[in-house]
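# A closer look at the structure
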Amino acid sequence: MQFDFRRTRKLLRRMSSNPYLDTAFAIRWSTLTPDRIPAAIEQALVRAQAAIDRIAELDLAQVSFDNTFLALEAATEELNVAWGKVTHQQSVADSPALREAHNAMLPKVSAFYASIPLNARLWERLKAFAGTAAAAHLSGIHRRFFEETLKDFRQAGADLPAAQRERLEELQSELAQLTQKFSENVLDATNAWQLVVTDEPRLAGLPAHAKAAARRSAEGKGLAGWRFTLHQPSQEPFMTYLEDGALRQEMWTAAAGLGARAPQDNTPLISRILTLRAEKARLLG
């Protein structure tokens, strides 16, 4: 009986004590705590890089679809799953500890993903297979995957000179951090704003369920009256049905100004992001 290394590796990962590395379909969300993020992501990064390195070290005469393109697809699978859990949590259940853990790993993860299409030896192996008769005979989803991967690498700068590839990696890393901070400012500004209405007649037109939710929201904060926020379950019925135009204007002004006022002012971030994107566009032609 032949020993299946790939199947065994997958089983070991599913049995991992760190839930971020667990590939089971049913995710144990209650066990995904911020303190477990660094170890999981560091481990996944090491494994993914090792897998990339194995492809990049292949004998050019031995390249095949399985040991280049399919191996590349599998190389980042564990990291994709683990980091996907982290970013999902950060987007739906943000907390100081989670944000700190996410942001601590973000530069490393961003740098890793940016480095893949800029890895000259890896790109050489992919192009080596692309020039074979086996590549010419690919069909169906394999042909589609093959062509899209080559296109993605070229669009990401794989054919650039070494110095420009290095600069592109730096740009990608900084952009990832800046755009994350931009999102955090929008989220923090959204969470910070509230509108409390104590004069019930001013809520004319508001559906009963929205009015009840606003009452519960106020009670949860120890406030009298009805509390409204910029989160969609509160904002949408308020802006759609409320008859009081002055109140609607107040909420609209707050929503339109998200990320435009201190302490969550995104103005300097926007300027820097545009500058970096312009440089990236010039590099990539």
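Summarised in this report is the structure supplied together with it. Just so it is clear, the structure is predicted and the values come from calculations on it, not from any experiment.

### Remarks on the overall build of the chain
- Across its full length, the chain carries 13 helices and two strands.
- The C-alpha radius of gyration of the chain comes to 25 Å, more than 25% above the 19 Å expected for a compact globule of 285 residues.
- Structurally, the chain occupies a C-alpha span of about 80 × 50 × 35 Å along its principal axes.
- Expressed as a percentage of its 285 residues, the buried residues of the chain come to 38%.
- Taking the intrachain contacts of the chain between residues at least 6 apart in sequence as the baseline, contacts between residues at least 24 apart amount to 71%.
- Only carbon and sulfur atoms are counted for the fraction: they give 55% of the accessible area of the chain, which is about 16200 Å².
- Separation of charge centres in the chain, based on 35 positive and 33 negative side chains, amounts to 2 Å.

### Topic: the environment of Ala97
- Within the element layout of this structure, Ala97 appears in helix H5 (residues 96–115).
- Each C-alpha atom, one on Ala97 and one on Asp35, is 8.1 Å from the other, the two residues being 62 residues apart in sequence.

### A closer look at the side chain of Thr68
- Of note, Thr68 is situated in helix H3 (residues 66–75).
- Those residues in contact with Thr68 that lie beyond four places of it in its chain are Ile55, Leu58, Val63, Arg125, Leu126 and Phe129.

### Quick look at helix H12 (residues 245–256)
- Between the first and last C-alpha of H12 there are 16 Å, a value that for twelve residues agrees with the 16 Å anticipated at 1.5 Å per step.
- Those residues of H12 lying buried are Leu247, Met251 and Ala254. The buried residues of H12 occupy an angular sector of 60 degrees when projected down its axis, which confines them to one face. Facing away from the buried side of H12 by more than 90 degrees, the exposed set consists of Gln249, Trp252 and Ala256.

### Considering the packing of aromatic side chains
- This model, assessed by the stated rule, comprises nine aromatic pairs.
- An angle of 65 degrees between the planes, with centres 5.6 Å apart, marks the rings of Phe112 and Tyr113 as edge-to-face.
- Judged by its relative accessible area of 6%, Phe112 falls in the buried class.
- Tyr113 sits in the partly exposed class, given a relative accessible area of 29%.
- Between Trp123 and Phe153, the aromatic rings sit 5.4 Å apart at their centres with planes inclined by 15 degrees, giving stacked as the arrangement.

### Quick word on the nonpolar core
- Ranked by size, the top nonpolar core spans 40 residues in total, and within it Ile37, Ile41, Leu72, Leu122, Phe129, Phe146 and Phe153 carry the most contacts.
- Put simply, the parts of the chain that give this core at least two residues each are helix H2 (37–56), H3, helix H4 (77–92), H5, helix H6 (120–130) and helix H8 (140–155).
- The greatest single-element share of this core, amounting to ten residues, is contributed by H2.

### Brief notes about the packing of H3 against H6
- Relative to each other, H3 and H6 sit at 130 degrees, their axes nearing to 9 Å. In terms of orientation, H3 lies oblique with respect to H6. Residues Thr68, Phe69 and Leu72 of H3 form the contact with H6, whose participating residues are Leu122, Arg125, Leu126 and Phe129.
- When the residues that make up the contact of H3 with H6 are grouped by side-chain class, the tally is five nonpolar, one polar and one charged.

### Re the pattern of salt bridges
- Counted according to the given criterion, the structure contains 17 salt bridges.
- Across the pair Asp22 and Arg28 runs a salt bridge, and its minimum N-O distance is 3.2 Å.
- Classification of Arg28 as partly exposed rests on a relative accessible area of 40%.
- A salt bridge links Lys151 to Glu148; the shortest N-O distance between them is 3.4 Å. Here Lys151 and its partner Glu148 are both found in helix H8, three residues apart, which amounts to about one turn of the helix.
- Under the relative-accessibility criterion, Glu148 is labelled partly exposed at 24%.
- Each of Asp94, Arg99, Glu184 and Asp188 takes part in one network of salt bridges that share partners.

Conventions adopted
Residues numbered from 1 in each chain as written. Predicted model: local features only at pLDDT ≥ 70, side-chain atom pairs only at ≥ 80, totals over all residues. Heavy atoms only, no water. Helix = DSSP H or I, 4+ residues; strand = E, 2+ residues; numbered from the N terminus. Rg over C-alpha atoms; globule rule 2.2 N^0.38 Å. Buried < 20%, exposed > 50% of the residue type's maximum accessible area, 1.4 Å probe, protein only. Contact = heavy atoms within 4.5 Å. Areas by Shrake-Rupley, 256 points an atom, 1.4 Å probe, with all protein chains shown as cover. Lys, Arg positive; Asp, Glu negative; His and termini not counted. Charge placed at Lys NZ, Arg CZ, Asp CG, Glu CD. Expected span 1.5 Å × (residues − 1). Arc of directions from axis to C-beta. Phe/Tyr/Trp six-rings, centres within 6.5 Å; stacked < 30°, edge-to-face > 60°. Core = buried A, V, L, I, M, F, W, Y, C linked by side-chain atoms within 4.5 Å. Axes fitted to C-alpha atoms, helices over the stretch in contact; angles between N-to-C directions. Parallel < 35°, antiparallel > 145°, perpendicular 65-115°, else oblique. Nonpolar A, V, L, I, M, F, W, Y, C, P; charged D, E, K, R; others polar. Salt bridge = Lys/Arg side-chain N within 4 Å of Asp/Glu carboxyl O.

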